[in-house]
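Coordinates in review
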Amino acid sequence: MISDITFGQYYPSKSVLHKADPRMKLLLTFVTIIFLFVCKNFLSLAVMAFITVLAVAVSGVPLKTILKSIRPVLIILVFTAALNIFYTKGGEVYYEIWKIQITEKGVNTAIFTIIRIVILVVLSSLLTYTTTPTDLTTGLERLLSPLNVLHIKVHTLAMMMTLALRFIPTLVEEIERIMNAQKARGADLETGSLVQRAKALIPIFVPLMVSSFRRAYELAFAMTCRCYTGGEGRTRMKQMKLSVRDFVLLFICLTACAGVIVLNIFFEAVI
Amino acid sequence: MQEKIIELKNVTFVYDADEEGKTNKPAVNDVSLDIYKGEFVAVLGHNGCGKSTLAKLCNAIYEPTEGAVTVKGIPSEGEENGDKIRRIVGMVFQNPDNQIVATIVEDDVAFGPENLGVEPKEIRRRVDEALKSVNMYDMREREPHKLSGGQKQRVAIAGVIAMQTESIIFDEPTAMLDPSGRKEVMAAIQRLNKEMGITIVLITHFMDEAVKADRVVVMDKGSIIEQGTPREVFSKIDLLREHGLDVPQSAELCHSLGLGDGVIGMDECVDKVCAMLGGAV
């Protein structure tokens, strides 16, 4: 079950999106997500959906992998849909039982929110599917570098992110190993009440914490040995350069955003 | 005399010495050792004999409690000197997982030179060269966690090679590897020494690895108890046993058959045994 986590995993391919500059991808994802919340009717949302479908099609990432990234938020989807259906009131009443009313506005809001969340998740996981974590953090570091003026250590934050991403698979492996070791000693992780099962996790998390700290110390030694002294005086092997490709992507994205604004103005708002 | 790279003079190191004076037992006790340019030195000893501490003293991760460590004339004192020393003496650790920083092999190899502020084009060249020298060039775009232990360790070695340090300290680089991974890593280490002239200090508790060195230093309880060529050291079987250490199998076999001491190679051992059997091969 643990090894199922695909979020934040790079899917190697040679598509246009993979080759695009990470800074541009980050920026465009950010802008599209903002415009996702600017959408006020189904038509403008359709523009965003179209952009998303287009991006997925171009990315070369299989649909199955994309759908996998939606699975973790399924519960949230069901929950928000239910809340919206039952608590948003207005418009034509479709169904009524005791105090519960299902109205036109409720249904619309529910559908709208679901589509919005799905697009949100697909776009952001597409970013991580098409960009290596290293590129992603480097891109973020470059984009946020103006913050250095405010004495925020952007490089340190980016380094922390890279290391966290680097150690996710290692720690997942470690958890599996510890779980197996504890099971071999007769630990029961699957049965019992919720409290009992939560308690059964303690013998897994204690060794995990201890070993993580040991790893952290060793990593710090190893980084010192490789002359890491922080961001100053560092160079980069991979230089980032904007190409025509990036501006084409920017153009498509901006057109879509303009479309959203126009459709918002000319058509009635649903939400 | 050859040029000295690392020089340890009466070095003592006590963990947490500042806190309670000298209540802790010293991990390294009055050790003097010179490492010369181009040498391949193996430091041998069982667990807790202070050999890893010795390694960390050599590249200024730890500063000696007493005595002095100098690397090419730079004393290992203070942050700034430490940084200079680590540009001369690189280090590879036991656990490959805990020394790989990046999520792509080539990015990890580039980490060291990037820290040194090398030009991007030059980094690219060094990274390719380093990966080729450990036979990992074809895997440059892979993710480290999908590699085998031996491959990961070779990536870690490439990461140090790319920094172009004159000397590399290996702190039990094969302890967590399976036999085939161990072979790969040892082959890479020997190539570095023979072909690229990098000074190697190999900390190990495998006798068969120590045999391949030019000089073997044996440690126990924080002190050096014996040093010399592998042949000299491994002929002192009783001394090694006394300190809880094994001897290479070939040396042990020839010793117990009374065929003389200090036999360290398999071929040599075969020859001796055949000769004893009257050349009946």
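Higher on the page you've got the structure.
Digging into the pairing of strand β1 (residues 93-97) of chain A
Residues and elements named next belong to chain A. Where β1 meets strand β2 (residues 100-103), four bridges bridge the pair, whose relative direction is antiparallel. Opposite Val-93, over in β2, you have Thr-103 as the bridge partner. Counting the residues in the hairpin turn of β1 and β2 gives two residues, including Trp-98, whose phi is positive at 50°.

Some details on helix α4 (residues 120-133) of chain B
All names here are of chain B. Taking 1.5 Å per residue as the helical rise, α4 with its 14 residues ought to reach 20 Å, and the 20 Å between its terminal C-alpha atoms agrees with that figure. For α4, the full list of buried residues reads Pro-120, Ile-123, Arg-126, Val-127, Asp-128, Ala-130, Leu-131 and Ser-133. Residues of α4 that are buried in the fold lie against α3 (105-116), α5 (149-161) and α6 (179-196).

Observations concerning empty space enclosed by the protein
Enumeration according to the criterion identifies one cavity of 30 Å³ or more in this entry. Looking at the largest cavity, its volume works out to about 290 Å³. Every residue lining the largest cavity is counted, 20 residues in all, and those nearest its centre are Thr-134, Thr-138, Arg-234 and Arg-236 of chain A together with Glu-114 of chain B. Within the residue set of the lining of the largest cavity, elements represented by two or more residues are α7 (133-144) and α8 (154-184) of chain A together with α3 of chain B. Residue classes in the lining of the largest cavity are distributed as eight nonpolar, five polar and seven charged.

Re the interface of chain B and chain A
The partner chain A presents 32 residues to the 39 residues of chain B that form the contact. Surface buried jointly by chain B and chain A totals about 3,200 Å² across both partners, of which 56% is contributed by carbon and sulfur atoms. Our count for the chain B to chain A interface comes out at five salt bridges. Taken together, chain B and chain A are joined by 15 residue pairs in polar contact (both at pLDDT 80 or more).

Details of unusual backbone geometry
Residue and element names in this part refer to chain B. Residue Asn-135 is not a glycine yet carries a positive backbone phi of 60°. Along the polypeptide, Asn-135 turns up in the loop between α4 and α5. What makes Asn-135 exposed here is its relative accessible area of 55%.

Some thoughts on the nonpolar core
All names here are of chain B. Counting residues in hydrophobic clusters, the biggest one holds 52 residues, and the most contacted among them are Ile-157, Phe-170, Ile-189 and Phe-234. For this core, the element with the highest residue contribution is α5, accounting for six residues. Look past the residues within four positions of Ile-189 in its chain and what remains in contact with it is Phe-40, Ile-157, Phe-170, Pro-173, Ile-200 and Leu-202. Listed in part, the 34 residues of the second largest apolar core include Leu-8, Val-11, Cys-49 and Tyr-62.

Regarding the state of the cysteines
Cysteine pairs can be linked by a disulfide, which is a covalent bond between their two sulfur atoms. All names here are of chain A. Per the counting criterion, the structure on display carries zero disulfides over all chains. In this model Cys-39 remains outside any disulfide bridge; the closest cysteine sulfur is found in Cys-257, 8.9 Å from its own. For Cys-39, a relative accessible area of 1% translates into the label buried. This cysteine, Cys-227, is not joined by any disulfide, and Cys-225 carries the nearest cysteine sulfur, 8.4 Å off. Relative accessible area serves as the criterion here: at 1%, Cys-227 is assigned to the buried category.

Calculation notes
- Residues numbered from 1 in each chain as written.
- Chains lettered and ligands numbered in written order.
- Predicted model: local features only at pLDDT ≥ 70, side-chain atom pairs only at ≥ 80, totals over all residues.
- Heavy atoms only, no water.
- Pairing = 2+ DSSP bridges.
- Helix = DSSP H or I, 4+ residues; strand = E, 2+ residues; numbered from the N terminus.
- Expected span 1.5 Å × (residues − 1).
- Buried < 20%, exposed > 50% of the residue type's maximum accessible area, 1.4 Å probe, protein only.
- Contact = heavy atoms within 4.5 Å.
- 1 Å grid on protein atoms, 1.4 Å probe; cavity = no way out; pocket = protein on both sides within 12 Å on 5 of 7 lines; lining within 4 Å.
- Points joined across faces, edges and corners; volume = space filled by probe spheres on them.
- Nonpolar A, V, L, I, M, F, W, Y, C, P; charged D, E, K, R; others polar.
- Buried area = accessible area lost by both parts, 1.4 Å probe.
- Salt bridge = Lys/Arg side-chain N within 4 Å of Asp/Glu carboxyl O.
- Polar contact = N/O pair within 3.5 Å; in protein donor to acceptor, adjacent residues only side chain to side chain.
- Core = buried A, V, L, I, M, F, W, Y, C linked by side-chain atoms within 4.5 Å.
- Disulfide = S-S within 2.5 Å.

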